[in-house]
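# Tertiary structure, described
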Amino acid sequence: MSEERLNAYLIMVERSISFEFNSPEYGKLARKIVELLYSRKERLSDDRIAIMLNISTAEARRILQFLSRINMIGVVKSTTPDYRTEYSWYVDDSVITNAIKKRIELVSSKLGLLVRALTEGTYYVCPNCHRRYSLDEELAYNGICPVCKVQLIYINNIDEINKITKVIEKLEKYESSI
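### Examining the overall build of the chain
- Of the regular secondary structure elements, the chain holds seven helices and six strands.
- Helices and strands appear in the chain in the N-to-C order α-α-β-α-α-β-β-α-β-β-α-β-α.
- Projected onto its principal axes, the C-alpha positions of the chain cover 70 × 35 × 30 Å.
- Buried positions account for 37% of the 178 residues belonging to the chain.
- Long-range pairs, those at least 24 residues apart, make up 55% of the contacts in the chain between residues at least 6 apart in sequence.
- On the chain, roughly 11200 Å² of surface is accessible, and the fraction owed to carbon and sulfur atoms is 51%.

Listed below in structure tokens is the structure:
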């Protein structure tokens, strides 16, 4: 696994958790959990992870379940001899590769939607808050952002579409190289 790919994955984990739980501290904790799982190269229960990182099992479980739901870590479900269900969590190279591929697909699809939206009309943007306005909205507000009270700027759709298309192509090229 390349260092670049691992770092990209760790940043994705940290930002996803930070955003979901509205807490940069949770993002850092998720990064520690994932680094632990990757370095150990074994499947660990949430209890064991909590003990190793000196955190509560509930916190570890919340983070692990969310990461599993968005396919950022692997999980194996098993039944113990006393019929309890146990989950073992892991991170390996294939999990990291799949997580990056899924994120590239998501970003590419959202950028594709933006390209389609840009082909449908004329847009203006506020240089302060970066909100987009259609031609009708720009006319209704007399060319002034209703939030910032700043002059709206015309966006050249063709330039925007070309820039976004180049980004999509780079993402697809990177995805195929993984």
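Now that the structure has been shown, the text picks up again.
### Details of the pattern of salt bridges
- Enumeration over the complete set of coordinates arrives at nine salt bridges.
- A salt bridge links Arg31 to Glu35; the nearest nitrogen and oxygen atoms lie 3.3 Å apart. On the criterion of helical spacing, the pair formed by Arg31 and Glu35 is a turn pair, its members being four residues apart in helix H2 (residues 24-40).
- In this structure, Asp82 and Arg84 form a salt bridge, with 3.7 Å as the shortest nitrogen-oxygen distance.

### What to know about the confidence of the model for the chain
- Averaged over the chain, the pLDDT score is 92; the fraction of residues at 70 or greater is 99%.
- The least confident element of the chain, judged by mean pLDDT, is strand E5 (residues 132-134) at 89; the most confident is H2 at 96.

Reading guide: rules and limits
Residues numbered from 1 in each chain as written. Predicted model: local features only at pLDDT ≥ 70, side-chain atom pairs only at ≥ 80, totals over all residues. Heavy atoms only, no water. Helix = DSSP H or I, 4+ residues; strand = E, 2+ residues; numbered from the N terminus. Buried < 20%, exposed > 50% of the residue type's maximum accessible area, 1.4 Å probe, protein only. Contact = heavy atoms within 4.5 Å. Areas by Shrake-Rupley, 256 points an atom, 1.4 Å probe, with all protein chains shown as cover. Salt bridge = Lys/Arg side-chain N within 4 Å of Asp/Glu carboxyl O. pLDDT = per-residue confidence, 0-100.

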